[in-house]
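These are the residues of each chain, in order.
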Amino acid sequence: MAIVASLPGFNLFSSLPSNPPPNDPNSSTTSASPSPPIPIPKYPPPLKKSQNAPPNPALKTVHRRTKYYKPVRDGVISSDGARAVVIGENGVSYLLPGAPFEFQYSYSETPKVKPLAIREPAFLPFAPPTMPRPWTGKAPLKSAKEKKLKRKVPLLDSFGPMAPGTSGVKEVVMARPVELGKYPKQEKTREEILGEPLKKWEIKMLIQPQLSDNRQVNLGRDGLTHNMLDLIHSHWKRRPVCKVKCKGVPTVDMDNVCRHIEERTKGKIIHRVGGVVYLFRGRNYSYKDRPQYPLMLWKPAAPVYPKLIQEAPEGLTKDQADEFRKKGKRLLPICKLAKNGVYITLVRDVRHAFEGSPLVKIDCRGMHASDYKKLGAKLKELVPCVLLSFDGEHILMWRGPNWISMHQAAPSPSDTADFDILSSTGRGKDYDKPCKPDTKTVMTSPKMMSLWKRSIDSNKALLLDELDLDPDALLKKVEEFEGVSQTTEHSYPALIVSSEDGTSSSVQVFEEIPQSDPYSEYDDYSDNYDYESDDDDAFYDSDSIPLGSLPVDVIVEELDHD
């Protein structure tokens, strides 16, 4: 092989010819023609958009593709007759003619802060009053079965009075949706629809079938939205109780969610476990007379609100806030929140954490950015606290200059000025040490004070006058109190009477039985029951028996010594 490779003009790795040489006798006279190349496909020319067609806001996402920013003020910002977009205390609201209240995209998760601007032109997300929402695609072909079903027009009996001269003939009308702007008037109030309050056995009977059922309304990060009102009524059509399962940011304040659910749906929450709510429709509910609202065809863009994080929050300078943020990077979080979890105890945990440290951090890694920002806005109002940063998917909070401890009547000057621990050079006292509450002033309820007073009077509790006791002195007082409290609690009243000769004594035991009870079975022999005196009962002497002890205790003690 080495000799063959060294020959000139010989290449072992050369490719074979595609066609045989022309002088080859073994080759055929007719050679195959090469295949033609792949033809270039011809695409139809692009359709020209008409310049005169007005753009429809339903088919555009203005707030995502452009930097639309328009400052707004309170009041009507856009109107079309009686249809208007309003900016008020509840943010952006939509007013329709004849509506029972102002519609919103979310009723429970609207911030209390007034918006500064909007991210899209102000329009109503409902269907126009003159024409339906424009068609965005091609309608699929219907099968023969669907065409046959379409021929059967559903008919309904007319609920109005019969026309005169019809001789008892009932009018039949087609099933039509409620026209936009015309809402059925509810003749019954909410109290009349709910009826009498449910009893315990009725509540248990209604809830039991739905404990393990997944037919429910899911309430997520947007809270109670407008379209959920119609969804809840569709559940009430078949069942008297609608199960609402809440997850995410709204579970921080479940009382707010439940209040809005009852106000908008006119129902009654009969049971609540964690983030699951059971909503009762009422004893006299009628699906035919339910309130019908127009559905929102798309989700409006959220308006622009003031920033949550400021360089110099209230009560702090910029240098002090930066120093707190540096300290917060080394601070351990009190908990880690899961995505789409139930955060019912989060406000309580943050308040307890502020008792030991002026800074609190919460780990939100894995959550959506909008979720933990909404979470920080809710904690700012409910705790309350001051937000410092969202760096690293963590919520860093400061308890604020007006913080009041849960275990004190009034904050001390050292607790109310947490920012004084930072000097101009950044070297001050260690603020991570737990604050020492004032032990002289304690807030408590009148019931707890009465229980403490009763315990002290019955010798079940001891009131210490001296607080600065060493461990030995404190242990001595506890041992003395333990002996007194056991004697008082585990002994019975006894009367020691000396005998006639003075050598022995007799003991009479009295039970605490009311003397006025004529049907007591102990009246015949309780007063005449005496212990017989013997010569060996010398320890019944009144001088040797401590006050409040029983003779049997003395006997047991003597037998133990023997």
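Calculation notes
- Residues numbered from 1 in each chain as written.
- Predicted model: local features only at pLDDT ≥ 70, side-chain atom pairs only at ≥ 80, totals over all residues.
- Heavy atoms only, no water.
- Helix = DSSP H or I, 4+ residues; strand = E, 2+ residues; numbered from the N terminus.
- Buried < 20%, exposed > 50% of the residue type's maximum accessible area, 1.4 Å probe, protein only.
- Contact = heavy atoms within 4.5 Å.
- Areas by Shrake-Rupley, 256 points an atom, 1.4 Å probe, with all protein chains shown as cover.
- Pairing = 2+ DSSP bridges.
- Axes fitted to C-alpha atoms, helices over the stretch in contact; angles between N-to-C directions.
- Core = buried A, V, L, I, M, F, W, Y, C linked by side-chain atoms within 4.5 Å.
- Expected span 1.5 Å × (residues − 1).
- Patch = residues over 30% accessible without salt bridge, like charges linked within 9 Å, V, L, I, M, F, W, Y side chains within 5 Å.
- Salt bridge = Lys/Arg side-chain N within 4 Å of Asp/Glu carboxyl O.
- Lys, Arg positive; Asp, Glu negative; His and termini not counted.
- Charge placed at Lys NZ, Arg CZ, Asp CG, Glu CD.

With an unreviewed UniProt entry as reference, the chain is termed CRS2-associated factor 2, chloroplastic, source organism Prunus mume.

**Q** Got a minute to help me understand the overall build of the chain in this structure?
**A** The secondary structure content of the chain amounts to 14 helices and 16 strands. Considering the chain as a whole, with its 562 residues, one finds that 28% of them fall into the buried category. Contacts in the chain between residues at least 24 apart in sequence constitute 67% of all its contacts with a sequence separation of at least 6. Carbon and sulfur atoms form 55% of the exposed surface of the chain, whose accessible area is close to 40,600 Å².

**Q** Just checking my understanding: could you explain the sheet that holds strand β2 (residues 75–80) for this structure?
**A** Reading across from one edge, β2-β3-β4 is the order of the three strands in this open sheet, with antiparallel pairing throughout. The open sheet has two free edges, formed respectively by β2 and β4 (91–95), since each of these has just one partner strand. The sheet shows a mean angle of 20 degrees between the axes of neighbouring strands, direction not considered.

**Q** I keep staring at the nonpolar core and nothing clicks. Help me out?
**A** Taken as a class, soluble globular proteins show a tendency for nonpolar side chains to be buried jointly. Leu337, Leu346, Phe354, Ile362, Leu375, Ile395 and Met397 are the most contacted members of the largest nonpolar core, which totals 23 residues. Listing elements by their share of this core, those giving two or more residues are α9 (346–354), β12 (359–363), α10 (369–382) and β14 (394–398). It is α9 that provides the largest number of residues to this core, a total of five residues. Here phenylalanine 354 is in contact with Leu359, Val360, Val383, Cys385, Met397, Trp398, Arg399 and Trp403, once residues within four sequence places are set aside. If you look at the next biggest cluster of nonpolar residues, it comprises 18 residues, including Ile193, Val217, Met228 and Ile232.

**Q** Looking at this structure, I do not really get α10. What am I missing?
**A** Each α-helix turn comprises 3.6 residues. Residues three or four places apart therefore point the same way. Spanning 14 residues, α10 covers 20 Å between terminal C-alpha atoms, matching the ideal 20 Å at 1.5 Å per step. The elements touched by buried residues of α10 are α9, β12, β13 (386–389) and β14.

**Q** Would you mind showing me how to read a negative patch on the surface here?
**A** A cluster of like negative charges, contributed by Asp553, Glu557, Glu558 and Asp560, occupies part of the molecular surface. One can find aspartate 560 in helix α14 (residues 551–561).

**Q** Help me out: how do you make sense of the pairing of β4 in this one?
**A** In summary, the side chains of a regular strand alternate between the two faces of the sheet. Judged by how many residues are buried, β4 sits mostly within the fold: four of five residues are covered. When strand β3 (residues 83–88) meets β4, the two strands line up antiparallel, connected through five bridges. Paired with valine 86 across the strands is serine 93, a residue of β4. Count of turn residues in the β3/β4 antiparallel hairpin: two residues.

**Q** Teacher, can you tell me more about the pattern of salt bridges here?
**A** Note that side chains of opposite charge can pair when their charged atoms are close. Per the counting criterion, the structure on display carries eleven salt bridges. The residue aspartate 74 makes a salt bridge to lysine 114 at a minimum N-O spacing of 2.9 Å. Placement of aspartate 74 in the loop between β1 (70–71) and β2 and of lysine 114 in the loop between β4 and β5 (117–118) is noted, with a sequence separation of 40 residues between them. Classification of aspartate 74 by relative accessible area gives partly exposed; the value is 49%. The salt bridge partner of arginine 221 is aspartate 371, with a shortest N-O separation of 2.8 Å. Here arginine 221, found in the loop between β8 (217–219) and α6 (227–236), pairs with aspartate 371, found in helix α10; they are 150 residues apart in sequence, far enough to count as distant. In this structure arginine 221 comes out as partly exposed when scored by relative accessible area, which is 35%. Classification of aspartate 371 as buried rests on a relative accessible area of 4%. Taken together, the shared-partner salt bridges in this structure form one network comprising Lys318, Asp322 and Arg325.

**Q** Could you clarify how one ought to interpret unusual backbone geometry in this entry?
**A** Working note: non-glycine residues mostly have negative phi, and peptide bonds are mostly trans. Omega for the bond connecting valine 383 with proline 384 falls within 30 degrees of zero, at -15 degrees, which places this linkage in the cis form. The residue proline 384 is located in the loop between α10 and β13 in this model. Its identity is not glycine, yet asparagine 340 carries a phi of approximately 55 degrees, on the positive side. Mapped onto the elements of the fold, asparagine 340 is located in the loop between α8 (318–329) and α9. Among the residues examined, asparagine 340 registers a relative accessible area of 43% and is labelled partly exposed. Phi is positive for glutamate 393, close to 60 degrees, though the residue is something other than glycine. Locating glutamate 393 in the fold gives a position in the loop between β13 and β14.

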